Amino acid sequence: MITQYHRPLTLDEAIALTARPDAVIIAGGTSVNADPGRTPITAVDLQALDLAGIDTDGESIRIGATTRLQDLVDSTLVPATLRDLARREAPNTIRNAATIGGAIGIVDPESELLAGLLAFEATVTLARAGSTTEHAVDEILDDPALLNGAIMTSVSIPSNGVAAADRTGRTPMDRPIVMAVAHRDHDGTVRMAMTGVSTRPVIVERDQIATLDPPSDFRGSSGYRKSLALVLANRVLATVTGGEPT
Amino acid sequence: MTITLTINGTRRSLTCEPFDSLRTVLRRAGLHSVRFGSETGETGAAAVLLDGRLISADVMLAAQADGHDVETIEGLSVPGRLHPIQQAFIETGAIQSGYSTPAMILSAKALIDRNPNPSEDDVRDALSGILDRETGYLRPVHAVLRAAAVMRGDEPDSIDIAYLDPLVDNGGAPSDRDGLSEIAPRVVPGSDVPETRIVGKPVAKVDAIKLAKGNPAFTDDVDLTGTLIAKVLYSPHAHARIVSIDDSKARALPGVRAVLHHGNVPRVRYASGGQSYPNPLPYDQVSFDDKVRFVGDRVAAVAADTEEIALAAIDLIDVTYEVLPAVFDENEAILDGAPVIHDEPDMEGAVDASHNLVHHLKADTGNVEDGFAVADRVFEQTLRVHQVHATPIETHVAISAWDSDERLVITSSTQVPFHVRRMIAPLLDLPVKRIRIIKPRIGGGFGVKQEMLVEDIVAHLTIATGRPVRLELTREEEFMSSRTRHPQTVTFKTGVDADGKLTAQEMRIVANTGPYGTHGLTVQMVTGLRGLSSYNCPVKKFDCKVAYTNIPVPGAYRGYGAPQALYALEAHMEDIAFALDMDPIEFRRLNWTDVGDPLDIAQQLGEGDQDASVMPLVTSSGLEEAVLQGQRAVDWDRRDDPAWKQPADRPSIRRGLGFAMAMHGTAIPGLDMGGASLKINDDGSFNLLVGATDLGTGSDTVLAQIAAEVVGVATDDIIVYASDTDMTPFDTGAYASSTTYISGMAAKRAAEQVREQIIERAAEMLEADAASIDLYEGQAWTPDGRSVSLETIALSTLHQAGQHQIMATASYVSPESPPPYAAQFAEVEVDVETGQVTVNQLVMAVDCGVPINPVTASGQVEGGMVQALGYGHCEEMVYDEDGRMLNPQFGPYKIYRADEMPRLEAILVQTMEASGPFGAKAIAEIPKDGVAPAIRNAIADATGVRIANIPFTPERVWNALQQA
Ligand SMILES: Cc1cc2nc3c(=O)[nH]c(=O)nc-3n(C[C@H](O)[C@H](O)[C@H](O)COP(=O)(O)OP(=O)(O)OC[C@H]3O[C@@H](n4cnc5c(N)ncnc54)[C@H](O)[C@@H]3O)c2cc1C
Ligand code: FES
């Protein structure tokens, strides 16, 4: 339960507040407010920090951490595949508040956008008292504790390359049972990420699929997810490498 | 804390707690249009504009909005004027219950402000966060496109009725379908339908304006000073005995006003289903029991000053349970040795409670074995239909209070106010005369509110505290503790002769009624009735066991046993046709019932009081026309086009088309009763008081149209009031597809008596023969063109001469239940590598007699098909091994949203049903019947795979493809 609310005006002030043991950062708040828990927490709202915005230097695209998902969807700077994944992340009413930082912060096990950021080799900038560090999104997903006491300020992705995504779900806009997204950068390196095959979005190599042990739920057993992974991997890899789709 | 919001242009300082959501604070500030649908933001009923962007106020803190601009529908709603978007929502028929309409209109405003010329995809994306359980999104989407066109000054799509030429016996070219606007209601005129002025016309809904403006109209909008908040402690166990309850800590908490449980509430047996007196057995519930029988069963209830205190008190109630073994499967529950769910000595009316057998229904029209003996081939097939939830966007909500006469007044979102009044009285030990039930607008019901579900809790708490008490279920509570569709294991066995005619048909069922038998008898009777009435067959047999289990409680849900029956029947008939190498429609046509055919099993599976010596017959059917219209609309010939079925550029895709016929009932004959009363006002307008409960379907409008037609005024001269047990005549309520047919006939009869009284005075005033006078356009007319207005007549009768109140009350019960018929078509794509099924199109052509209002009727079909799509395709209640629901939230429980919909088309095929008001039959439930089997049959057409069980989720289809 949120018992205190702060809206810091500077990053330093925000960082100081974040050090409190009961502090919870609020960006869009769509996830925190949906399930604030029963223990008292102090909300630290980042809205006044001016962290939102999307710009590019031609090589990489920098997305401010409090950029709303809808602004990603609407941005012509952002690659089409990522824009579509941002659109699929949540319906319009949520995208107008939810942020890219929040999407990373909740480490949603089935987030298509997170899988996209993995495939694009996105990096995240974290600010702490007196220091700023860069981390691959994969690192943060591996160890969400990296976010403790830190504030995500931006996310960077390469601005070139080709990408493709495909998925299987109960309905066209349902959260997928399994999804795959692949990105090929300008020197031909291909990275693929998936949801629905592990407890979080993960980088997967084509040859690894046989060794995956996806968690089961009522929408898909482990074995079924594995066969989906193979089908979807073949499709997205064929698309990004320009081969015949299978 | 104090925050400052600019709400609809006015700066306001508001105090709130840091944890308060923006929805809570806006509602508290009197903005009732911001509505509760869930705490976690999925329904969008609480969407508002924050700095011009549509956001869900459920998951935004009021504190986050501090300093920002908030816009709600109240900002658009000027008295006496409508915004073009509100106008478009009304004109297109986009409003049903209207619960989420304000959110949709705000979404449209934000979109059009940004992009004056949005595409359909833009509109669908803009609406993607507002779940709608009623319209299928077709009309809301087109309302937004229409509003945008009007605001740009462009010509919008036509909303006029498109009359389609009949195809039966039509040698000539059928009418052109090219250029038909998607929302023009399609009507195939019947040949013998009389001319009418108001009936049959697309009149705007009588409640549309208040709903488009977001005026306070729903139960939750009732604000009584000093209202306590109720919360319920639900069982965490599927089956347990309550060894002890210690409520002392809860009672000691400041602000707690009452804590109720089995220890302090009298034990009175009842059945919670809202049905006619005497309620069908069993009587197996009490308000609070010392045993719990499913995860979500009631244990205790608290009333406290605030929601936070009530929740804290719930946590402080100490309950010791003795956990008992549980059983969830209907077939296991009736075996020897299964846990006995009702072992209490005072339960009444189960056939064999020690084997969890509630009912064992049997019916036959002869010896089926004789029919199987003469058959050329006999087919037998077992299918399972699963459990789903109706999920109205407004959850169950009720408020009770003592009035100044010390009568208990309960305002409730109920479909059955009169049944609730009668059923609740013994539980409270109050006479019926000391109870008043008021039903305001309802934010969707679909049967789940044909139940006394929460009213006894608030009433007990008001009696205990003397204070007003409100209980509103959370979304999770709605899923787990309200009512659901009965799962069944259905076996069909059918004999067919060499020509393809049925010789015998047997239907065996084991049905799962959960831990309580509410609606358990009658839903299963309807399953038998619908399963064995659609086709002619010399001998039929029905055998149905209804089992107690420990799943959340099945009850009434739109369709009421018919979707289960029709799924199994239409899958079975399809597979028989395939095995016989016959065309699936030809095979059905050989056997389906037509005008004059007997509805023989109805004599044994009827609930009401019927004359056993009279065989009910089919009195009207437009099925043949419906099939031809539907085949044309869906382009049925594509079934024979290999290039369409297997597109060259998408190697993993197979396409298919499927068909199912459906036949439903119209009201319960000899039982359902509707009452209406009509009185004239000084200005020649009328008050129409009805006990019927409009759930958003438009039934108030239809009743007003019927009355308006008879007394010759416009629909907006009829002021409808419904329903209030103190004010309106009795009505059984909104269920069994009865309102238009039964309450409509009551309204018609009351209006006919009023018409006679008006004509009598008009004849005197015009010095004309009464028999020659006609009423229309608000005037009484002589054949030679002289007239007197109804206003003059009203003033004369009320003030001037022979003063009396022109008014009449009438009621109606029908001896028959004329079946509506429908042809349902579905187009699907199956990805054979993944099992994913995409439904591209649903077309339903339906014979509902004469549609009194083609717009609301089309809306019923479109929205009904989409609910049925969820049943067949993606919705399911799922449990862990202890019986706890795993997906009590939208998303995991998947209902379709606006940006993923198949194309929808409803075609209304008129027939003249002589027994109905102006020729009407029912339409509200039949759209639930054919979609699941049509999808299944389309999957079979696409892939050759014939699947037994719904829903057709990817893994189920993939498994079937692997086995093929
Ligand atoms: C109705 C609904 C439907 C949804 N559907 C989907 C779906 O289909 N698929 C899906 O993947 N997700 C879905 N979501 C989740 C949605 O995408 C997330 O709620 C959203 O991305 C979170 O963003 P936010 O800015 O609102 O986060 P917040 O709630 O503000 O924060 C989320 C977490 O991130 C942390 N955080 C946020 N910003 C920062 C920062 N700058 N630095 C450090 N930590 C930070 C917070 O402390 C918190 O722990 C849905 C949510 C809702 C309410
Ligand atoms: S208005 Fe759409 S669910 Fe009621």
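Residues numbered from 1 in each chain as written. Chains lettered and ligands numbered in written order. Predicted model: local features only at pLDDT ≥ 70, side-chain atom pairs only at ≥ 80, totals over all residues. Heavy atoms only, no water.

### Thoughts on the overall build of chain B
In step 1: For chain B, the count of helices and strands is 24 helices and 33 strands.
In step 2: A compact globule built from 964 residues should have a C-alpha radius of gyration of about 30 Å, and chain B, at 28 Å, falls within 12% of that.
In step 3: Here the C-alpha coordinates of chain B stretch approximately 85 × 80 × 60 Å along the principal axes.
In step 4: Within the span of chain B, comprising 964 residues, buried residues form 67% of the whole.
In step 5: Long-range contacts, defined here as pairs at least 24 residues apart, represent 78% of the contacts in chain B between residues at least 6 apart.
In step 6: Counting only carbon and sulfur atoms, one obtains 49% of the accessible surface of chain B, whose full area is about 30,800 Å². (Helix = DSSP H or I, 4+ residues; strand = E, 2+ residues; numbered from the N terminus. Rg over C-alpha atoms; globule rule 2.2 N^0.38 Å. Buried < 20%, exposed > 50% of the residue type's maximum accessible area, 1.4 Å probe, protein only. Contact = heavy atoms within 4.5 Å. Areas by Shrake-Rupley, 256 points an atom, 1.4 Å probe, with all protein chains shown as cover.)

### Here we look at helix α15 (residues 562–579) of chain B
Residues and elements named next belong to chain B.
In step 1: Over its 18 residues, α15 extends 25 Å from the first C-alpha to the last, a length consistent with the 26 Å expected when each residue adds 1.5 Å.
In step 2: A large share of α15 lies buried, amounting to 16 of its 18 residues.
In step 3: Where α15 ends, the next residue or the one after it, D581, has phi of about 60°, a positive value. (Expected span 1.5 Å × (residues − 1).)

### Structural notes on the domain arrangement of chain B
In step 1: As far as domains go, chain B holds domain 1 (1–157), domain 2 (161–189 + 619–664 + 817–964), domain 3 (222–324 + 390–481), domain 4 (353–388 + 488–597) and domain 5 (673–813).
In step 2: A C-alpha centroid distance of 45 Å is found between domain 1 of chain B and domain 4 of chain B. (Domains from an automatic or database assignment.)

### Brief notes about the state of the cysteines
In step 1: A complete count under the given rule lists zero disulfides over all chains for this structure.
In step 2: Just so you know, B:C537 is unpaired, no disulfide at all, and the nearest cysteine sulfur is the one on B:C544, 19 Å from it. (Disulfide = S-S within 2.5 Å.)

### Overview of the side chain of B:H359
All names here are of chain B.
In step 1: Tracing the backbone through its elements, the reader meets H359 in strand β14 (residues 357–364).
In step 2: In this structure H359 comes out as buried when scored by relative accessible area, which is 7%.
In step 3: Excluding anything up to four places from it in sequence, H359 contacts L281, P282, V351, G520, L521, C544, K545 and V546.

### Re the nonpolar core
All names here are of chain B.
In step 1: Counting residues in hydrophobic clusters, the biggest one holds 167 residues, and the most contacted among them are F89, F542 and I935.
In step 2: For this core, the element with the most residues is α15, which contributes nine residues.
In step 3: Residue contacts for F89: discarding those within four places in its chain leaves A94, I95, T101, M104, I105, P140, A143 and V144. (Core = buried A, V, L, I, M, F, W, Y, C linked by side-chain atoms within 4.5 Å.)

### Structural notes on the environment of B:S534
Residues and elements named next belong to chain B.
In step 1: Tracing the backbone shows S534 in the loop between α14 (520–531) and β22 (539–547).
In step 2: The buried category is assigned to S534, whose relative accessible area is 0%.
In step 3: Considered as a pair, S534 and S235 are 299 residues apart in the sequence and their alpha carbons are 42 Å apart.
In step 4: Residues contacting S534, with those up to four places away along its chain left out, are L566, L569, W592, T593, M661 and M663.
In step 5: A distance of 3.3 Å separates a polar side-chain atom of S534 from the backbone oxygen of R530. (Polar contact = N/O pair within 3.5 Å; in protein donor to acceptor, adjacent residues only side chain to side chain.)

### Thoughts on the site of ligand 1
In step 1: The full set close to ligand 1 counts 30 residues, and A:A27, A:G29, A:T30, A:E89 and A:T99 are the nearest of them.
In step 2: Surrounding ligand 1 is a set of residues that belongs to chains A and B.
In step 3: Note that an oxygen atom of ligand 1 is positioned 2.6 Å from one of the side-chain N or O atoms of A:T30.
In step 4: Protein contacts shield 89% of the accessible area of ligand 1, which totals 970 Å² for the unbound molecule. (Near = heavy atom within 4 Å.)

### Remarks on a negative patch on the surface
In step 1: Negative charge collects at one region of the surface, where B:D583, B:D637, B:D640 and B:D641 lie side by side.
In step 2: Mapped onto the elements, B:D583 comes out in the loop between α15 and α16 (584–591). (Patch = residues over 30% accessible without salt bridge, like charges linked within 9 Å, V, L, I, M, F, W, Y side chains within 5 Å. Salt bridge = Lys/Arg side-chain N within 4 Å of Asp/Glu carboxyl O. Lys, Arg positive; Asp, Glu negative; His and termini not counted. Charge placed at Lys NZ, Arg CZ, Asp CG, Glu CD.)

### Let's talk about the packing of aromatic side chains
In step 1: Within the structure shown, the criterion is met by ten aromatic pairs over all chains.
In step 2: Ring centres 5.1 Å apart and planes at 55° place the aromatic pair A:Y224 and B:W958 in the tilted group. Placement of the pair is A:Y224 in helix α8 (residues 222–240) and B:W958 in helix α24 (residues 954–963), with the two residues belonging to separate chains.
In step 3: Each ring, one from B:W636 and one from B:F825, has its centre 5.3 Å from the other, and the planes form 75°; the classification is edge-to-face. Within this pair, whereas B:W636 is found in the loop between α17 (623–634) and α18 (642–645), its partner B:F825 is found in strand β31 (residues 821–831), the two being separated by 189 residues in sequence.
In step 4: What makes B:F825 buried here is its relative accessible area of 0%.
In step 5: One aromatic cluster is present, formed by B:F479, B:F890 and B:Y893 through successive ring pairs.
In step 6: We note B:R485 situated over the ring of B:Y871; from NZ or CZ to the ring centre the distance is 5.2 Å.
In step 7: In this structure, B:K748 is placed above the aromatic ring of B:F918, and the distance from its NZ or CZ to the ring centre is 5.1 Å. (Phe/Tyr/Trp six-rings, centres within 6.5 Å; stacked < 30°, edge-to-face > 60°. Lys NZ or Arg CZ within 6 Å of the ring centre and 35° of its normal.)

### Re the domain arrangement of chain A
When the parts of a complex come together, some accessible area is lost, and that lost area is often taken as the interface size.
Residue and element names in this part refer to chain A.
In step 1: Annotation of chain A at the domain level lists domain 1 (2–45), domain 2 (52–158) and domain 3 (166–241).
In step 2: Each of domain 1 and domain 2 has a C-alpha centre, and the two are 19 Å apart.
In step 3: Between domain 1 and domain 2, the residue contacts involve nine residues of the former and twelve residues of the latter.
In step 4: In total, about 800 Å² of surface goes out of reach between domain 1 and domain 2, with carbon and sulfur atoms giving 80% of it.
In step 5: Inspection of the domain 1/domain 2 interface yields zero salt bridges.
In step 6: Applying the counting rule to domain 1 against domain 2 returns zero residue pairs in polar contact (both at pLDDT 80 or more).
In step 7: Among the elements that line the side of domain 1 that touches domain 2, the one with the most residues is helix α1 (residues 11–18), at four residues. (Buried area = accessible area lost by both parts, 1.4 Å probe.)

### Some details on the interface of chain A and chain B
In step 1: Across the contact, 46 residues belong to chain A and 48 residues belong to chain B.
In step 2: Both sides of the chain A and chain B interface together cover about 3,800 Å² of buried area, and 54% of this is carbon and sulfur.
In step 3: Among the residues chain A hides against chain B, the three largest losses belong to A:T93, A:R170 and A:F218. Together they make up 18% of the total.
In step 4: Taken together, the connections running from chain A to chain B amount to 28 residue pairs in polar contact (both at pLDDT 80 or more).
In step 5: For the side of chain A that touches chain B, the element with the most residues is α8(A), which contributes five residues.

### As for the sheet that holds strand β29 (residues 787–789) of chain B
Residue and element names in this part refer to chain B.
In step 1: Spatially, the three strands line up as an open sheet ordered β27-β28-β29, and their pairing is antiparallel. Every other strand in the sheet has two partners, leaving β27 (774–776) and β29 as the edge strands with one partner each. Between one strand and the next, the sheet's axes are offset by a mean angle of 25°, whatever the strand orientation.
In step 2: Relative to β29, strand β28 (residues 779–781) runs antiparallel, the two sharing three bridges. Across the sheet, residue W781 finds its bridge partner in β29, namely S787. (Pairing = 2+ DSSP bridges. Axes fitted to C-alpha atoms, helices over the stretch in contact; angles between N-to-C directions.)

### Focus: the pairing of strand β3 (residues 47–50) of chain B
Residue and element names in this part refer to chain B.
In step 1: Alternating residues of β3 divide into A47 and L49 and V48 and L50, and every residue in both groups is buried.
In step 2: Here β3 runs beside strand β4 (residues 53–56); their pairing, made up of four bridges, is antiparallel. Bridging from a neighbouring strand, V48 pairs with I55 of β4.
In step 3: Between the end of β3 and the start of β4, which pair antiparallel, lie two residues, with D51 showing a positive phi angle near 50°.
In step 4: Sheet topology note: the β3/strand β5 (residues 69–71) ladder contains two bridges and is antiparallel. Following the sheet pairing, L49 is matched in β5 by E71.

### Focus on the pattern of salt bridges
In step 1: Enumeration over the complete set of coordinates arrives at 84 salt bridges over all chains.
In step 2: Across the salt bridge formed by B:R27 and B:D220, the nearest N and O atoms sit 3.3 Å from each other. Here B:R27, found in helix α1 (residues 22–28), pairs with B:D220, found in the loop between α6 (208–212) and β8 (228–234); they are 193 residues apart in sequence, far enough to count as distant.
In step 3: Residue classification places B:D220 among the buried residues on the basis of a relative accessible area of 9%.
In step 4: Across the pair B:R257 and B:D305 runs a salt bridge whose closest N-O atoms are separated by 2.6 Å. Placement of the pair is B:R257 in strand β10 (residues 256–261) and B:D305 in the loop between β12 (298–304) and α8 (307–316), with a sequence separation of 48 residues.
In step 5: A relative accessible area of 42% means that B:R257 is categorised as partly exposed.
In step 6: It is possible to trace a salt-bridge network through shared partners that takes in A:D108, A:E110, A:R175, A:D217, A:R219 and A:R225.

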